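# Summary of structural features
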Amino acid sequence: MNRAADSASLDSDLHRALRTVESSGSRIRIDGRDLLNFASNDYLGLAHDARVIEAAQHALLTWGTGAGASSLVTGWTSLHQQCAETLADWLGYDTAVIAPSGFAANCAAITAVVGEQDVVVADQRNHASLIDACRATNARVRHYRHGDVDHARALLERAESDQPKRIVTDAVFSMDGTIAPLVELARLAEEFDAMLIVDEAHGTGVIGPEGRGASAAGHIDARVDLHIGTFSKALGAQGGFIAGSQALIDRVINRGRSFIYSTALTPAMVAAALQAVTIIRSEPERNERRAEHVRQIRAALGAQGWTIEGVDEAPMIAVIIGEADHAVRAASTLADHGIHAPAIRPPTVRPGTSRIRLAPMATHSADDVRQVVQAFANVRQDVASE
Ligand code: PMP
């Protein structure tokens, strides 16, 4: 996901273009075709939940459409405050702050707590927002091989002992379905007195007790200094947040430029996220249904002979195809069999590892699961007959 690769893709056959979707949810209408949607990060189907919609509607009527100003001016409403308190209580932190998006939350968190003299040790597959934020700090950023704790340790050992150190990682790697070795990273953070910063974008709501994320699943949530998340995935809304100690969140509020200089998140989205958290905490069966879909699909595709990256606990399934044009053809065959699951190609993933990324939703039925498994069997037949 580096900038050179991004700009190179503008004039290559990897060029990407927008496609207009005519209806959304677990079923989607796209290019005039009705397809089962396996490409959404709305893992729990909450974006279309009547209670979430109603909460947003109520907030729209009360607060209007826009927040009107940045959080530090007049954009931080009592709804933002209530949501921040709920997030802090849910995740076990002193306090939290809400940003306009998960991207902005990552940028605000990193730029607020990383100084020019610091050493940042970061997973090489971190999300683009973490990569860009780390660059913007002008700190020395060293990338360790994906999930390689020994490499992370070696990089930390190279830093001066009195140099402030930060370990930065995604909790769940969205294009791979892998989970960071958070228990070991927490141990490293302790040993090297490093601050641990974790982006739980794809863990929130779907992993760990009460959906509190991968760090809670590993029982190291109390050792994560800054916990960043988004409302735009399992919470079915839009916006981002940062939870941490009072002192660290105070730094974010005072130094996080993407928080300070952007209009506060629209109150309707805050209300939607707040309602989504309530549902996630009180209805674990939604997530259990989704997790069972993931297990079934992974097992069935494994039995068909597909190479699948990642782990059962992650909400997405990365089915490795190989070359970009093969992945595009696989996606097209899947669409012919009623499935929307686009090809993920370089520069998002490494050359030769193009893939189909599947994200089963709690609102998919057992029949939907059978259909996606059968569609992959058809792709396999296509490949065999070439
Ligand atoms: N972190 C990760 C790991 C993500 O996958 C994303 C979204 N693709 C973000 C942060 C950004 O979140 P948002 O969409 O809310 O800006």
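See above for the structure.
Everything numeric here is computed off the predicted structure, so don't read it as measured data.

A few words on the sheet that holds strand E12 (residues 240–244). Read from one edge of the open sheet, 7 strands run E4-E12-E11-E10-E7-E5-E6, paired in mixed fashion. Two strands close off the open sheet at either side, each with one partner strand: strand E4 (95–99) and strand E6 (140–144). Adjacent strand axes in the sheet meet at a mean angle of 20° when their direction is disregarded. Here 5 bridges tie E4 to E12, and the two strands are oriented antiparallel to one another. Looking at E12, one finds that Ala96 is bridged to Ala243. Contacts from helix H4 (residues 78–91) reach E4, strand E11 (226–230) and E12 within the one sheet, and its direction differs from that of E4 by about 130°.

In the vicinity of the ligand lie 14 residues, with Gly102, Asp199, His202, Thr230 and Lys233 positioned nearest. Here an oxygen atom of the ligand and a side-chain polar atom of Ser232 are 3.0 Å apart. For the ligand, a nitrogen atom lies 3.2 Å from a polar atom in the side chain of Lys233. Out of a free accessible area of 390 Å², the ligand has 83% covered by protein chains. Here the shell around the ligand gets 3 residues from one element, more than from any other, and that element is helix H5 (residues 102–113). Tallied by class, the residues present in the shell around the ligand amount to 2 nonpolar, 9 polar and 3 charged.

A separate point is the nonpolar core. A general feature of soluble globular proteins is that nonpolar side chains tend to end up buried together. Counting 64 residues, the largest nonpolar core has Leu87, Ile167, Leu185, Leu188, Leu196 and Phe231 as its most contacted members. The leading source of residues in this core is helix H12 (residues 267–282), at 10 residues. Once you skip the residues sitting within four places of it in the chain, Ile167 turns out to touch Val121, Leu156, Leu185, Leu188, Ala189, Ala194, Met195, Leu196 and Ile197. Formed by 28 residues, the second largest nonpolar core is a distinct cluster that contains Ala108, Ala133, Val252 and Phe259.

The next point concerns helix H10 (residues 246–255). By the burial criterion, the buried members of H10 are Leu248, Ile249 and Val252. Along the axis of H10, the buried positions cluster into a sector of 95°, meaning they face one direction only. Those residues of H10 that are exposed and aimed more than 90 degrees away from the buried face are Ala247 and Asn254. Of the surrounding elements, those touching the buried residues of H10 are E4, H5, strand E10 (195–199), E11, E12 and helix H11 (257–260).

The next thing to look at is the side chain of Asp118. Topologically, Asp118 is positioned in the loop between H5 and strand E5 (119–123). Side-chain polar atoms of Asp118 contact the side chain of Arg166, separated by 3.3 Å. Setting aside residues no more than four positions away along its own chain, Asp118 makes contact with Val113, Ala139, Arg140, Pro164 and Arg166.

On to the pairing of E6. Where E5 lies against E6, 5 bridges are found, and the strand directions are parallel. For Val121, the partnering residue across the bridge sits in E6 and is Arg142. Following the chain from E5 across helix H6 (residues 128–136) to the adjacent parallel E6, one finds a crossover that is right-handed.

Attention shifts here to unusual backbone geometry. Residue Pro347 follows Pro346 across a cis peptide bond; omega there is 10°. Here Pro347 shows up in the loop between strand E16 (343–344) and strand E17 (354–358). Within the chain, Asn138 stands out as a residue other than glycine whose phi angle is a positive 65°. Among the secondary structure elements, Asn138 is positioned in the loop between H6 and E6. The phi angle at Asp193 is positive, at roughly 55°, despite the residue not being glycine. Here Asp193 shows up in the loop between helix H8 (182–191) and E10.

Judged by how many residues are buried, E4 sits mostly within the fold: 5 of 5 residues are covered. Residue alternation in E4 divides its side chains into two sets, Thr95, Val97 and Ala99 and Ala96 and Ile98, and both sets are buried.

Okay, the packing of aromatic side chains next. The geometry of two aromatic rings is summed up by the distance between their centres and the angle between their planes. Evaluated as defined, the whole model comprises 2 aromatic pairs. With 5.9 Å between their ring centres and 25° between their planes, Phe231 and Phe241 make a pair best called stacked. Separated by 10 residues along the polypeptide, Phe231 in the loop between E11 and E12 and Phe241 in strand E12 bring together distant segments of the chain. For Phe231, a relative accessible area of 0% translates into the label buried. In this arrangement the basic side chain of Arg380 is found over the ring face of Trp306, its NZ or CZ atom lying 4.6 Å from the centre.

Reading the values: rules and limits
- Throughout, residues of each chain are indexed from 1 in the direction in which the sequence is written.
- For a predicted model such as this one, the threshold for reporting local features is a pLDDT of at least 70, and the threshold for listing and counting side-chain atom pairs is 80 or more; totals across whole chains, interfaces and linings nevertheless cover every residue.
- Calculated side-chain values reflect all of the structure's heavy atoms, with hydrogen atoms and water omitted.
- What makes two strands pair is DSSP finding at least two bridges between them.
- The helix and strand labels rest on DSSP assignments: H or I over at least four residues marks a helix, E over at least two residues marks a strand, and numbering proceeds from the N terminus.
- Fitted lines through C-alpha atoms give the axes, limited to the stretch in contact for helices. The angle between two N-to-C directions lies from 0 to 180 degrees.
- In this analysis, two residues are considered to be in contact whenever any of their non-hydrogen atoms come within 4.5 Å of each other.
- Nearness is judged by heavy atoms alone; a residue qualifies as near a molecule or strand once a single heavy atom is within 4 Å of it.
- Polar contact criterion, stated in full: a pair of N or O atoms within 3.5 Å, where within protein one must be able to donate a hydrogen and the other to accept it, and residues adjacent in sequence count only if both atoms are side-chain atoms.
- Per-residue accessibility takes into account occlusion by the displayed protein chains alone, with areas from the Shrake-Rupley method and a 1.4 Å probe.
- Only Asp, Glu, Lys and Arg are considered charged, only Ala, Val, Leu, Ile, Met, Phe, Trp, Tyr, Cys and Pro nonpolar, and every remaining residue, Gly among them, polar.
- For our purposes a nonpolar core is just a set of buried Ala, Val, Leu, Ile, Met, Phe, Trp, Tyr and Cys residues, chained together by side-chain atoms within 4.5 Å.
- For every residue, the accessible area (1.4 Å probe, protein chains only) is compared with the maximum for its type, and the residue is labelled buried under 20%, exposed over 50%, or partly exposed between those bounds.
- Here, the arc refers to the directions that run from the helix axis to the C-beta atoms.
- Convention used here: a crossover is right-handed provided that the path from the first strand, over the helix, to the second strand proceeds clockwise when the strands point away from the viewer.
- Between rings of Phe, Tyr and Trp, where Trp is taken as its six-membered ring, a pair exists when centres lie within 6.5 Å; planes separated by under 30 degrees are stacked, by over 60 edge-to-face, and by other angles tilted.
- Think of it as a cone above the ring: NZ of Lys or CZ of Arg counts as a charge over the ring if it is within 6 Å of the ring centre and within 35 degrees of the ring normal.

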